[in-house]
Amino acid sequence: IYSKLSIKAQYAVIAIVKEALSNVINHSNASKVDIRLVEHPKIFQLIINDNGENKPSKATNLVEKSYGMGLENIRQRVSSLNGYLGITSENGYQIFISFPKEDNE
């Protein structure tokens, strides 16, 4: 699937995964992380889940709130791909990213 991503998208995906793993190590107490990069006809999806502890004070959609430089860096990288970022903390922590293929081929 990486061969179908532009160099820009490859670097963005790698940086996002690295930042997400750093967040898991430093903040979540998770014992498992699942990372999936899925190709669809018009988009790519990057989904990162962990089974870490929930933080009940955080809202379901954390994208519009500021919770540190790591998430802000992820938001900026997704924005550079003209993508969508969703973050939830219901059962562990999930980062859901989608971005169009046509901008990245």
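Residues numbered from 1 in each chain as written. Predicted model: local features only at pLDDT ≥ 70, side-chain atom pairs only at ≥ 80, totals over all residues. Heavy atoms only, no water.

## A short note on a nonpolar patch on the surface
Consideration 1: Taken together, the side chains of Leu21, Val33 and Ile35 present a nonpolar region at the surface, about 190 Å² in accessible area.
Consideration 2: Tracing the chain through its elements places Ile35 in strand S1 (residues 33-39). (Patch = residues over 30% accessible without salt bridge, like charges linked within 9 Å, V, L, I, M, F, W, Y side chains within 5 Å. Areas by Shrake-Rupley, 256 points an atom, 1.4 Å probe, with all protein chains shown as cover. Salt bridge = Lys/Arg side-chain N within 4 Å of Asp/Glu carboxyl O. Helix = DSSP H or I, 4+ residues; strand = E, 2+ residues; numbered from the N terminus.)

## Observations regarding the pattern of salt bridges
Consideration 1: With the rule as written, the count across this model stands at four salt bridges.
Consideration 2: Salt-bridge contacts for Asp34 lead to Arg36; the nearest nitrogen and oxygen are separated by 2.8 Å.
Consideration 3: Residue class for Arg36 comes out partly exposed when judged on its relative accessible area of 36%.
Consideration 4: We note a salt bridge from Glu72 to Arg75, for which the minimum N-O separation is 2.6 Å. One end of the pair is Glu72 and the other is Arg75, both in helix H2 (residues 69-80) and three residues apart, which spans about a single turn.
Consideration 5: Through salt bridges with shared partners, a single ionic network connects Lys4, Glu39 and Lys101. (Buried < 20%, exposed > 50% of the residue type's maximum accessible area, 1.4 Å probe, protein only.)

## Some details on empty space enclosed by the protein
Consideration 1: Evaluation of the coordinates by the stated rule reveals one cavity of 30 Å³ or more.
Consideration 2: Its volume calculated, the largest cavity comes out at about 50 Å³.
Consideration 3: Taken together, Ala20, Asn23, Val24, Val33, Ile48, Asn49, Asp50, Tyr93 and Ile95 make up the lining of the largest cavity.
Consideration 4: Contributing elements (two or more residues each) for the lining of the largest cavity: helix H1 (7-28), strand S2 (43-50) and strand S4 (93-100).
Consideration 5: Broken down by class, the residue content of the lining of the largest cavity amounts to six nonpolar, two polar and one charged. (1 Å grid on protein atoms, 1.4 Å probe; cavity = no way out; pocket = protein on both sides within 12 Å on 5 of 7 lines; lining within 4 Å. Points joined across faces, edges and corners; volume = space filled by probe spheres on them. Nonpolar A, V, L, I, M, F, W, Y, C, P; charged D, E, K, R; others polar.)

## So, the nonpolar core
Proteins that are soluble and globular tend to have nonpolar side chains buried together.
Consideration 1: Residues Ile74, Ile95, Ile97 and Phe99 are the most contacted members of the largest nonpolar core, which totals 19 residues.
Consideration 2: The set of elements that each furnish at least two residues to this core consists of H1, S2, H2, strand S3 (84-88) and S4.
Consideration 3: If you tally residues by element for this core, the top one is H1, at six residues.
Consideration 4: With sequence-adjacent residues up to four places away left out, Ile74 is seen in contact with Ile16, Glu19, Ala20, Leu85, Ile95 and Ile97. (Core = buried A, V, L, I, M, F, W, Y, C linked by side-chain atoms within 4.5 Å. Contact = heavy atoms within 4.5 Å.)

## Observations concerning the packing of aromatic side chains
Consideration 1: Under the criterion given, the structure shown has two aromatic pairs.
Consideration 2: Relative to Phe99, the ring of Phe44 has its centre 5.6 Å away and its plane inclined at 35°; by these criteria the two rings are tilted. Of this pair, Phe44 sits in strand S2 while Phe99 sits in strand S4, and the two are 55 residues apart along the sequence. Summarising the burial analysis for this pair, Phe44 and Phe99 share the class buried.
Consideration 3: Directly above the ring of Phe44 sits Lys101, whose terminal nitrogen or CZ lies 5.6 Å from the centroid. (Phe/Tyr/Trp six-rings, centres within 6.5 Å; stacked < 30°, edge-to-face > 60°. Lys NZ or Arg CZ within 6 Å of the ring centre and 35° of its normal.)

## Structural notes on the sheet that holds S3
The pairing of strands in a sheet happens through backbone hydrogen bonds and is either parallel or antiparallel.
Consideration 1: With antiparallel pairing, the four strands of this open sheet are ordered in space as S1-S2-S4-S3. Either end of the sheet is taken by a strand with one partner, and the two such strands are S1 and S3. Across the sheet, the axes of successive neighbouring strands diverge by a mean angle of 10°, strand direction being ignored.
Consideration 2: By the bridge criterion, eight bridges tie S2 to S4 in an arrangement that is antiparallel. Each residue of the ladder has a partner; that of Asn49, found in S4, is Gln94. (Pairing = 2+ DSSP bridges. Axes fitted to C-alpha atoms, helices over the stretch in contact; angles between N-to-C directions.)

All we've got here are geometric facts, nothing functional implied.
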